[in-house]
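Examining the three-dimensional arrangement
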Amino acid sequence: MSEPVQVPTSAAGSAIEVRDLEMSYGSFVLMRDLTFTIRQGDIFIIMGGSGCGKSTLLKHLVGLKQPARGQISYAGISYWEAEPKEQELLKRRFGVLFQSGALWSSMTLAENIAMPLEQYTSLTPSQVRELASFKLSLVGLGGFEDFYPSEISGGMMKRAGLARAMALDPDILFFDEPSAGLDPISARLLDDLIIELSKSLGTTVVVVTHELASIFAIGTNSVFLDPDLKTMTATGDPKRLLKESSDPKVINFLTRGKSAQHL
Amino acid sequence: MSTHELTAETSPDGTLILTLQGAWKLGTLPPEQDALLAGIAAGGTIQRLGFTTAGLEQWDSGLLIFLAQLFDICRRNGIAIDQSGLPDGVCKLMKLAAPENQRTGVTHGEQRPPFLERVADAAIDQLKGFREMLAFIGDLTLTFGKLLRGKAVFRRLDLITTIQETGAQALPIVSLISLLVGMILAFVAAIQLELFGAQIYVADVVGIGMVRVMGAIMTGIVMAGRTGAAFAAQLGTMQVNEEIDALETLGFSPVEFLVLPRMLALMLMMPLLCIYADLMGVLGGMIVGVGMLDIGIMEYINESKAALNLTHFLVGLLHSFVFGILVAISGCLRGIQCQRSASAVGYAATSAVVTGIVSIIVATAIITLSCQVLGI
């Protein structure tokens, strides 16, 4: 494509735009007709029951999976129509926290965080080391620089993963089930940290979760995926959805099924 | 009372009252239940089903499966079920398991497709696998181009560690295997050559055999089992832990970052291991020659020297260099292709060894034939 490259941060308002997205595994369609916008500074929740394709949607949003149909654009640039170089530049603006942290097991925590810094910045080794230590202390892991991922607990791995996701000061942070496997207090602290980051740095945050407490505590916008209809059935501020939605499945989800008849 | 009883009574209005007594537990169910179930299934005048359980002392899943079977038959025969006589806990559990509380339309995949479709699917899968392999090799070639231009990104420490793992740490097993292969070759040759009193030529057979192919092949096979499997398991586990996804989202190419150092390490270490294996093989031959065939040590060494030339040696090195590439490719490819489960990692490791060994044998055949045609 010979069109002039747009400056990624120039577009006002929308950080990610998803149009008519269809996700599939081979010939099996998981979700279709997904259309929503994630605004800059949003804490955007992707919610829905287990196995409905939340994590797959996240993989599409971070450029790991190519959509079967439809478009995903970041600040006006359509990812899958962009040149590989441009894709690389776009990716560098993302920070991703995977479900289990996905720390590189052959490296220490400091090395994990230093990797992207060494690659994409011109900092000296001592500056890199200092920055890595600082990022670790942001998530409460100061002093753990020389530990290997196998030597720390699951919750700590998750926090270290967050430190790595923040290494390059990304514009958009993605979280795949951040509170899964965390005790309630750590989960709450992580929520607070997400709000803090979003407010102080203006980072756009996209969170895949089904933890209601988190959804209401942090979410400013959301999309609800329905596995039976294979599409999204609601989008908007979760607190407003709870009050205004007329879809019984959405209400059921947001009220922990209190409206449903159980035992 | 540890016994259990089942009595059935039909009232004139067509209600079958079942009286359950005693302990209804797994493994101690009354034999008459099967006859009862068969009786109800056969149809009849029964309209309703009721229970009295005043004498029921203990129950567990044993009672529940009996009731599940019973209810199933009743539903099919249109018999109404009155659960009021059952204990409260049993009612609740039976309600949880009732068909109306299960997901509808659950099918495990589709019906088994017809034979021809399955054959076609398998063929398409093979083609896809082949295409993936080509894409991987293409990617790897581009990455080598990057390496030559000095632009490849990988950790030097990874390269050094892999060199140590694939080189120095493989010495004991390579020593043992090649020493034994050298001895075996000597034994086999000795049986034939002794007939002509030509034992001294054992040195020729062992020397040329080991240096030209056997040293390289044995090292290749040992490395396919040892290192190829390790590569596949390492990369497969990284795939399961989403570590490879993490690399990609940060803009690192997994091929460049993970495959390249492993490939380089094997390309460097295989020829060195092969030279070592050649030496150990000749030593094995010498042990048999000197120990059993009464050949002098110097005599054996001189005969080996006379038999061997640089061509044999270089052909052996070529073999091992190619095997290094093949073992690295098969290990890394299977690791990268790994699905996201623990059993997939096992499959990846197995598959890496099989692919490695098959490709080693095929490559040996091609090189040997080429040498024959070219007169090398």
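Being a predicted model, the structure only gives us computed values, none of them experimental.

A separate point is the overall build of chain A. When its secondary structure is counted, chain A shows nine helices and 10 strands. Against the compact-globule benchmark of 18 Å for 263 residues, chain A has a radius of gyration of 19 Å, which places it among compact chains. With the C-alpha coordinates aligned to their principal axes, the bounding extent of chain A is approximately 60 × 55 × 35 Å. Across chain A, every contact between residues at least 6 apart in sequence was considered, and the portion connecting residues at least 24 apart equals 65%.

Regarding its fold elements, chain B presents 12 helices and five strands. The globule rule puts the C-alpha radius of gyration for 376 residues at 21 Å, and the 35 Å found for chain B is more than 25% above it. With respect to the three principal axes, the spread of C-alpha positions in chain B is 110 × 60 × 45 Å. Residues classed as buried in chain B amount to 35% of the 376 residues present. The contacts of chain B with a sequence gap of at least 6 include a subset with a gap of at least 24, amounting to 85%.

Moving on, we come to the packing of helix H7 (residues 202-240) of chain B against helix H9 (residues 254-292) of chain B. Residues and elements named next belong to chain B. Orientation of H7 relative to H9, taken along the N-to-C sense of each, is 145 degrees, at an axis distance of 7 Å. The interaxial crossing formed by H7 with H9 has right-handed handedness. Of the residues contributing to the contact of H7 with H9, the split by class is 18 nonpolar, seven polar and two charged.

Predicted confidence across chain B gives a mean pLDDT of 90, with 96% of residues reaching 70 or more. Confidence estimates for the predicted assembly give a pTM of 0.78 and an ipTM of 0.81.

Once that is clear, we can look at the sheet that holds strand S3 (residues 43-47) of chain A. Residues and elements named next belong to chain A. The sheet built from six strands is open, its strands ordered S6-S7-S8-S3-S9-S10 with mixed pairing. Looking along the sheet, the strands with just one partner apiece sit at the ends: strand S6 (94-97) and strand S10 (231-235). Averaged over all neighbouring strand pairs, the angle between strand axes comes to 20 degrees, with direction disregarded. Sheet topology places S6 next to strand S7 (residues 172-176); four bridges connect them, and they run parallel. Across the sheet, residue leucine 97 finds its bridge partner in S7, namely phenylalanine 175.

This part takes up the interface of chain A and chain B. Across the contact, 17 residues belong to chain A and 12 residues belong to chain B. Elements that contribute at least two residues to the side of chain A that touches chain B include exactly helix H2 (84-91), S6 and helix H3 (109-120) of chain A. Partitioning the side of chain A that touches chain B into residue classes produces nine nonpolar, five polar and three charged.

Let us now look at the sheet that holds strand S4 (residues 69-74) of chain A. Residues and elements named next belong to chain A. Pairing is antiparallel across the open sheet formed by four strands, whose spatial order is S2-S1-S4-S5. Where the open sheet ends on each side, the last strands, each with one partner, are strand S2 (28-39) and strand S5 (77-78). Taken together, the five bridges between strand S1 (residues 14-25) and S4 define a ladder with antiparallel strand orientation. Among the inter-strand pairings, valine 18 is bridged to a residue of S4, identified as isoleucine 72. This element, helix H1 (residues 54-61), spans S1, S2 and S4 of the sheet and lies at about 120 degrees to S1.

A separate point is the environment of glycine 225 of chain B. All names here are of chain B. Within the fold, glycine 225 resides in helix H7. For glycine 225, a count of 17 C-beta atoms within 10 Å gives the class partly exposed. Spatially, the C-alpha atom of glycine 225 lies 71 Å from that of threonine 10, the residues being 215 residues apart in sequence.

A few words now on the packing of H7 of chain B against helix H12 (residues 342-374) of chain B. All names here are of chain B. Relative orientation of the contacting elements H7 and H12 amounts to 155 degrees, with a least axis distance of 8 Å. As far as their axial angle goes, H12 and H7 are roughly antiparallel. Classified by chirality, the crossing of H12 by H7 is right-handed. When the residues that make up the contact of H7 with H12 are grouped by side-chain class, the tally is 17 nonpolar, seven polar and no charged.

This paragraph deals with the nonpolar core. Ile46, Ile113, Leu136, Ala160, Phe174 and Val206 of chain A are the most contacted members of the largest nonpolar core, which has 139 residues in total. Residues contacting alanine 160 of chain A, with those up to four places away along its chain left out, are Gly101, Leu103, Leu109, Asn112, Leu136, Val139 and Leu141 of chain A. Trp24, Leu49, Phe51 and Leu67 of chain B belong to the second largest nonpolar core, which has 15 residues in total.

Residues and elements named next belong to chain B. Residues of strand S3 (residues 48-52) alternate between two faces, with Leu49 and Phe51 buried on one and Arg48, Gly50 and Thr52 left unburied on the opposite face. One ladder, built from five bridges, connects strand S2 (residues 15-24) with S3; its direction is parallel. Considered in S3, the bridge of leucine 16 is made with leucine 49. Alignment of S3 against strand S5 (residues 80-81), held across two bridges, turns out to be parallel. Paired with arginine 48 across the bridge in S5 is alanine 80.

Attention now goes to the environment of glycine 207 of chain B. All names here are of chain B. Considering the arrangement of structural elements, one finds glycine 207 in helix H7. On a C-alpha basis, the gap between glycine 207 and methionine 270 in space is 19 Å, while along the polypeptide they are 63 residues apart. Discounting residues that sit within four places of it in the chain, glycine 207 has contacts with Val282, Ser304, Ala307 and Leu308.

Calculation rules
- Residues numbered from 1 in each chain as written.
- Chains lettered and ligands numbered in written order.
- Predicted model: local features only at pLDDT ≥ 70, side-chain atom pairs only at ≥ 80, totals over all residues.
- Helix = DSSP H or I, 4+ residues; strand = E, 2+ residues; numbered from the N terminus.
- Rg over C-alpha atoms; globule rule 2.2 N^0.38 Å.
- Contact = placed C-beta atoms within 7 Å.
- Buried ≥ 20, exposed ≤ 12 C-beta atoms within 10 Å, placed from the backbone.
- Axes fitted to C-alpha atoms, helices over the stretch in contact; angles between N-to-C directions.
- Left-handed = near helix turned anticlockwise from the far one by under 90°.
- Nonpolar A, V, L, I, M, F, W, Y, C, P; charged D, E, K, R; others polar.
- pLDDT = per-residue confidence, 0-100.
- Pairing = 2+ DSSP bridges.
- Parallel < 35°, antiparallel > 145°, perpendicular 65-115°, else oblique.
- Core = buried A, V, L, I, M, F, W, Y, C linked by C-beta atoms within 7 Å.

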